[in-house]
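What the coordinates show
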2 protein chains.
Amino acid sequence: MRPLFHPSIDDVTLEGILHALSDPVRMAIFADIVKGDCAPSCSSFLRVNEKAIPKSTLSQHFKALREAGLIRGQRQGVEMHNTPRCAELQERFPGLMAAISSAYFLQLQRNSEKAKKRSRRRRATTE
Amino acid sequence: MRPLFHPSIDDVTLEGILHALSDPVRMAIFADIVKGDCAPSCSSFLRVNEKAIPKSTLSQHFKALREAGLIRGQRQGVEMHNTPRCAELQERFPGLMAAISSAYFLQLQRNSEKAKKRSRRRRATTE
DNA sequence: TCCATTAGTTCACAAGTTCGGAACTCATGA
DNA sequence: TCATGAGTTCCGAACTTGTGAACTAATGGA
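Right, let's walk through the structure included here. (Residues numbered from 1 in each chain as written. Chains lettered and ligands numbered in written order. Predicted model: local features only at pLDDT ≥ 70, side-chain atom pairs only at ≥ 80, totals over all residues. Heavy atoms only, no water.)

Regarding the pairing of strand β3 (residues 71-76) of chain A
All names here are of chain A. Where β3 lies against strand β4 (residues 79-84), six bridges are found, and the strand directions are antiparallel. Considered in β4, the bridge of Q76 is made with E79. Between β3 and β4, which pair antiparallel in sequence order, lie two residues; one of them, G77, sits at a positive phi of approximately 65°. (Pairing = 2+ DSSP bridges. Helix = DSSP H or I, 4+ residues; strand = E, 2+ residues; numbered from the N terminus.)

In structure tokens, the structure reads:
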């Protein structure tokens, strides 16, 4: 297997970061890796937000995140271990990742509130 | 001419913003509109970073920025006047736009430093 | 009023990108 | 040595993007 490519932090670009995170699946994966609340391997994301993701697609998404400089992937036996490059990114673009993450969680929260309201309204009209 | 579409601030998504700004031309246009240091009409961007941009392409880029909720366009006679939706965006995603803009200017500055170093080195080797 | 000019949009198509199934590689354990 | 499980690669279909040509719309003379 070909060795994994990781850009040097100096070659990481703002456009690259924004493009990588402009895909909702990649944003969700990255947020989960940053939170660190689940095993950060490819196969732990076979479903994202209730939606099944084919593993070829997942593999491409991880590659995109690696090549944008957002995560570092290390093969550990048969699995891949992914870690965020938070410290380096913070040095390169101070405050950027924190702002994007907090915008993401704000949006998640707001969407779940909207969904609650919608289902309450639906129940009210069918009763 | 069809009226311009602007999303309500509640319909503006993080993915949409990141996608719109992941294009270097759109990022440059948006940064200039935010700085407000040049007439923010389409035709003032016929060249971006020394590169000529066809006007049909520019028109699409402005449409993308409008539909992502980043700018507001108003026809003023034959011209279009574009303004950033900073205040609304700040309310919707606090700190996000500031972090992206400052990352952009940091990168610009660093690139111009790199270019200077390169040309100095070139001169030194040819002497 | 008519025409030329200027600003921006729309359309169609070529070029590029992304998605996902099938076939692959590679490490591991039986 | 073989089966298995985790990821990757390949490739066609579907989607997206960039651009020239043709368009619309407002404006300012003649």
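A look at the interface of chain B and chain A
Taken together, the 24 residues of chain B in the interface contact 24 residues of chain A. Per-residue buried area on chain B facing chain A is highest for E15(B), L18(B) and Q107(B); these three make up 26% of the total on that side. Across the chain B-chain A interface, the total number found is zero salt bridges. Our count for the chain B to chain A interface comes out at four residue pairs in polar contact (both at pLDDT 80 or more). Contributions of two or more residues to the side of chain B that touches chain A are made by α1 (14-21), α2 (24-35) and α5 (96-126) of chain B. Examining the composition of the side of chain B that touches chain A, we find that nine residues originate from one element, α5(B), more than from any other. (Contact = heavy atoms within 4.5 Å. Buried area = accessible area lost by both parts, 1.4 Å probe. Salt bridge = Lys/Arg side-chain N within 4 Å of Asp/Glu carboxyl O. Polar contact = N/O pair within 3.5 Å; in protein donor to acceptor, adjacent residues only side chain to side chain.)

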